[in-house]
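Take a look at the letters that make up each chain.
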Amino acid sequence: MTVLEVKQLKKSFGSIHAVKDISFSVQAGEVFTIIGPNGAGKTTMLEMIEGLVSPDQGSIHFGGLTWEKDADDIKMKIGVQPQSSAMFDLLTPEENLNLFATFYKKAQPTEEILKLVNLTEHRKNQVKKLSGGQRQRLAIGLAMISNPEIIFLDEPTTGLDPQARRNIWDIILQLKQLGKTTILTTHYMEEAEKLSDRVCIVDQGKIVTLETPAALIERLTKEREVRLSFLDGEFAAEEADLFIKKIPSVTTTERNGAALKIWTTKPEDTLYELFGFTKDKNYHVEQVSIHEMSLEDVFIAFTGKEWRD
């Protein structure tokens, strides 16, 4: 079921065309991730969807609801965690949640939210004493207090250490289990690859591609890089290189001393034949690895830009 539909969205600020022509839909229960380089139009696009900025053209539908006619109903339907969260530093997480709960007719119990974001033990600590990761978890909790169907998370793990980042990942996965729809922006490719049902890459105000992470990687190339090294030295690697080039699935090779890199469309079959060769020659392989393409490779291929945090 489609819970959000965006059609031909456009927004300009003077001569700057921030969002040129964007259309997509989001399905119930999915994690839909938007990535793109700085200045790509992500923030403007999100602000229009969240009702903070009016589009110059285009339409935004939450089911049968629109901002023009049903703003109050949409506000009850969505939860927003912005990059700069408005929370009260001198209050505790419990007090912040209780305060935000008064803004809604049907708020979730504070106890449930504290448990969801793993802040039960810190419920009585002032917000100013919380770590960065704890503050981010509270920000997500505040976005969830109205029990929304759709939650917007704008770079929720930026600046956090790896453990704190994975704690946020766990919360996002819990939200998915609860049937919530999550619209996520992130600067971390690993995060997008692990969490997303679909990834939308935006550049220069337009969507350049939109698919599942696996499908995007598959579209980029069908080749895989196999790396191996030989205990028997350069001569063994050189002979293996000559042998492997005769296999039809191998597109190219690169040898550096006793180390060999192989690009092949069928890595398992290639390794099977290679190991048959090394067994016959009594050569010993020290290390073997298959390097898979990543979402970062996809990003660079589609935008032509290196990713920077």
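Our subject is the structure listed above.
Description of the structure in this document. Predicted model, so just to flag it, every value in this text is computed and none were measured.

Let us look at the overall build of the protein. Across its full length, the protein holds 11 helices and 13 strands. With respect to the three principal axes, the spread of C-alpha positions in the protein is 75 × 50 × 35 Å. Buried positions account for 46% of the 309 residues belonging to the protein. Of the roughly 15,900 Å² of accessible surface on the protein, a fraction of 48% belongs to carbon and sulfur atoms. Separation between the mean location of the 37 positive side-chain charges and that of the 46 negative ones in the protein comes to 4 Å.

Taken together, the 8 bridges between strand β1 (residues 2-13) and strand β2 (residues 16-27) define a ladder with antiparallel strand orientation. Its bridge partner being in β2, Phe13 is matched across the sheet by Ile16. Relative to strand β4 (residues 57-61), β1 is paired through 4 bridges, and the arrangement is antiparallel. Paired with Glu5 across the strands is His61, a residue of β4.

This part covers the nonpolar core. Ranked by internal contacts, the top residues of the largest apolar core, which has 30 residues, are Leu97, Leu138, Ile140, Met144, Ile151 and Ile172. Put simply, the parts of the chain that give this core at least two residues each are α3 (93-101), α4 (110-116), α5 (132-144), β6 (150-154) and α6 (162-177). Membership of the second largest hydrophobic core comes to 26 residues, among which are Phe32, Met45, Leu65 and Ile78.

On the basis of which strands lie adjacent, the open sheet formed by 6 strands has the order β5-β6-β7-β3-β8-β9 and mixed pairing. Both edges of this open sheet fall to β5 (78-81) and β9 (206-211), since each of them pairs with a single strand only. Strand-to-strand, the axes of this sheet are offset by a mean angle of 15°, without reference to chain direction. Sheet topology note: the strand β3 (residues 31-35)/strand β7 (residues 181-185) ladder contains 4 bridges and is parallel. Note on β7: the bridge partner recorded for Val31 is Thr182. Along the sheet, α5 contacts β5 and β6; its crossing angle with β5, the most-contacted strand, is approximately 160°.

Let us look at helix α1 (residues 42-49). Structural remark: α-helix, 3.6 residues per turn; residues separated by three or four positions point the same way. Burial runs high along α1: 6 of the 8 residues are buried. Listed as buried for α1 are Lys42, Thr44, Met45, Leu46, Met48 and Ile49. Gly51 occupies a position one or two residues after α1 and carries a positive phi of about 85°.

A few words now on the pairing of strand β12 (residues 259-264). Here β12 shows one buried face, formed by Leu260, Ile262 and Thr264, and one open face, formed by Ala259, Lys261 and Trp263. Relative to β12, strand β10 (residues 224-230) runs antiparallel, the two sharing 6 bridges. Paired with Arg227 across the bridge in β12 is Lys261. Both strand β11 (residues 250-256) and β12 contribute to a ladder of 6 bridges, which runs antiparallel. Within β12, the position partnered with Val250 by the bridge is Thr264.

Criteria and cut-off values
- Residues numbered from 1 in each chain as written.
- Predicted model: local features only at pLDDT ≥ 70, side-chain atom pairs only at ≥ 80, totals over all residues.
- Heavy atoms only, no water.
- Helix = DSSP H or I, 4+ residues; strand = E, 2+ residues; numbered from the N terminus.
- Buried < 20%, exposed > 50% of the residue type's maximum accessible area, 1.4 Å probe, protein only.
- Areas by Shrake-Rupley, 256 points an atom, 1.4 Å probe, with all protein chains shown as cover.
- Lys, Arg positive; Asp, Glu negative; His and termini not counted.
- Charge placed at Lys NZ, Arg CZ, Asp CG, Glu CD.
- Pairing = 2+ DSSP bridges.
- Core = buried A, V, L, I, M, F, W, Y, C linked by side-chain atoms within 4.5 Å.
- Axes fitted to C-alpha atoms, helices over the stretch in contact; angles between N-to-C directions.
- Contact = heavy atoms within 4.5 Å.

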